[in-house]
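Residue-level structure breakdown
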Amino acid sequence: MADLPFSNLSLPRAQLENLERLGYRTMTPIQAAALPLAFAGRDLIARAKTGSGKTAAFSLPLLDKLNPRDFGTQALVLCPTRELATQVADEIRRLARYRQNIKVVTLCGGQSIGPQIGSLEHGAHIVVGTPGRIGDHLRKTTLNLARIKTLVLDEADRMLEMGFIDDIRAIVEHTPASRQTLLFSATYPEDIQTLSRQFQREPEQVSLESLH
Ligand code: ADP
Ligand code: MG
């Protein structure tokens, strides 16, 4: 498949310039497959190996849908570990540079909860975190997911391996049914298919293997 430029997508000009500055000239194969569907509002199951550019495949669509004047949390990205959540939040901040006043907050365990509550009080358009700590915030009612437009399950197979299924279920129940749900996974075992059936609406499947 020929390398497609990001200008094939109807992205704002400021974002195309931002991507250029970041050195993103053409879409990776998973981005070329996932982005048009995600921008069309579809739920997705995307399978591709590490390093294939999955973060931008879910971040560009969720950024496009954000309303910066609404201080409610509009996008939630669940990741298996603090390290991955930090990497994803950093990448989202880079990809968000074309817009002003977009706030990204990271919520992970192993860190004190007080400062996290403080940042949430100031408004967080995007929350990135691990299911355990996000669940803690929901129980404390310090996080409100009623205005979520995009829910991302990143490295979903690893989150299930780590035993996060009950936390994920509880989190999804706090989000509106109208949300777009994007599921990213390196593998597609039975328990991921079950997760998809429970939380997604007519998901489109994109798999990197089928693109070669
Ligand atoms: P994955 O989540 O699939 O493991 P990442 O989203 O972390 O992959 O991306 C891997 C690396 O590739 C990152 O350093 C990211 O900045 C870079 N990258 C992603 N998309 C592009 C692109 N279209 N062009 C150039 N570099 C990219
Ligand atoms: Mg990733």
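About the thresholds
Residues numbered from 1 in each chain as written. Chains lettered and ligands numbered in written order. Predicted model: local features only at pLDDT ≥ 70, side-chain atom pairs only at ≥ 80, totals over all residues. UniProt positions renumbered as here; feature names shortened; annotations may be inferred. Helix = DSSP H or I, 4+ residues; strand = E, 2+ residues; numbered from the N terminus. Buried ≥ 20, exposed ≤ 12 C-beta atoms within 10 Å, placed from the backbone. Pairing = 2+ DSSP bridges. Near = placed C-beta within 6 Å. Nonpolar A, V, L, I, M, F, W, Y, C, P; charged D, E, K, R; others polar. Core = buried A, V, L, I, M, F, W, Y, C linked by C-beta atoms within 7 Å. Contact = placed C-beta atoms within 7 Å. Axes fitted to C-alpha atoms, helices over the stretch in contact; angles between N-to-C directions. Arc of directions from axis to C-beta.

- As annotated in an unreviewed UniProt entry, the protein chain carries the name DEAD-box ATP-dependent RNA helicase RhpA and is attributed to Parahaliea mediterranea.

**What about the UniProt feature "short sequence motif: Q motif" (unreviewed entry) in the protein chain?**
- As recorded in UniProt, the feature "short sequence motif: Q motif" (unreviewed entry) lies at residues 4–32.
- For the annotated span residues 4–32, helix accounts for 45% and strand for 0% of the residues, and the straight-line distance between the end C-alpha atoms is 7 Å.

**Digging into the pairing of strand β6 (residues 180–185)**
- Most of β6 sits inside the fold, with 6 of its 6 residues counted as buried.
- Of the two faces of β6, the one lined by Q180, L182 and F184 and the one lined by T181, L183 and S185 are each fully buried.
- Alignment of strand β1 (residues 44–47) against β6, held across 4 bridges, turns out to be parallel. If you follow I45 over to β6, its bridge partner there is L183.

**Some remarks on the site of ligand 1**
- Near ligand 1 there are 13 residues, and of these Y24, T50, G53, K54 and T55 occur at the shortest range.
- Tallying contributions element by element places helix α3 (residues 54–64) first for the shell around ligand 1, with 3 residues.
- Among the residues making up the shell around ligand 1, the classes are represented as 4 nonpolar, 8 polar and 1 charged.

**Let's talk about the nonpolar core**
- The biggest cluster of nonpolar side chains holds 56 residues, and the ones touching the most others in it are A34, A46, L78 and V128.
- What A46 contacts, discounting residues up to four positions off in sequence, is I30, A34, K54, A57, F184 and V206.

**Quick word on the sheet that holds strand β5 (residues 150–153)**
- The strand order β3-β4-β2-β5-β6-β1-β7 describes an open sheet built from 7 strands, whose pairing is parallel. Among the strands making up the open sheet, the edge pair consists of β3 (104–107) and β7 (204–207). Geometrically, the sheet is characterised by an average inter-axis angle of 15° between neighbouring strands, direction not taken into account.
- Contacts from helix α6 (residues 131–139) reach β2 (75–78), β3 and β4 (126–129) within the one sheet, and its direction differs from that of β3 by about 100°.

**Considerations on unusual backbone geometry**
- Look at N101: it is not a glycine, yet its phi comes out positive at around 60°.
- A count of 10 C-beta atoms within 10 Å places N101 in the exposed class.
- In this structure, E202 is a non-glycine residue whose phi angle is positive, near 40°.
- With respect to the secondary-structure elements, E202 resides in the loop between α9 (190–199) and β7.

**Considering the environment of A57**
- Tracing the sequence through the fold places A57 in helix α3.
- Note on A57: 26 C-beta atoms within 10 Å, which makes it buried.
- The spatial distance from the C-alpha of A57 to the C-alpha of R94 is 14 Å, given a sequence separation of 37 residues.
- Excluding residues that lie within four positions of it along the chain, A57 makes contacts with I30, Q31, A34, L35, A38 and A46.

**Some thoughts on helix α8 (residues 165–173)**
- The set of residues buried in α8 consists of D167, I168, I171 and V172. Relative to the axis of α8, the buried residues are bounded by an arc of 130° and lie together on one face. Residues of α8 that are exposed and angled more than 90 degrees away from the buried face: D166 and E173.
- Buried positions along α8 lie against β2, α6, β5, α7 (156–161) and α9.

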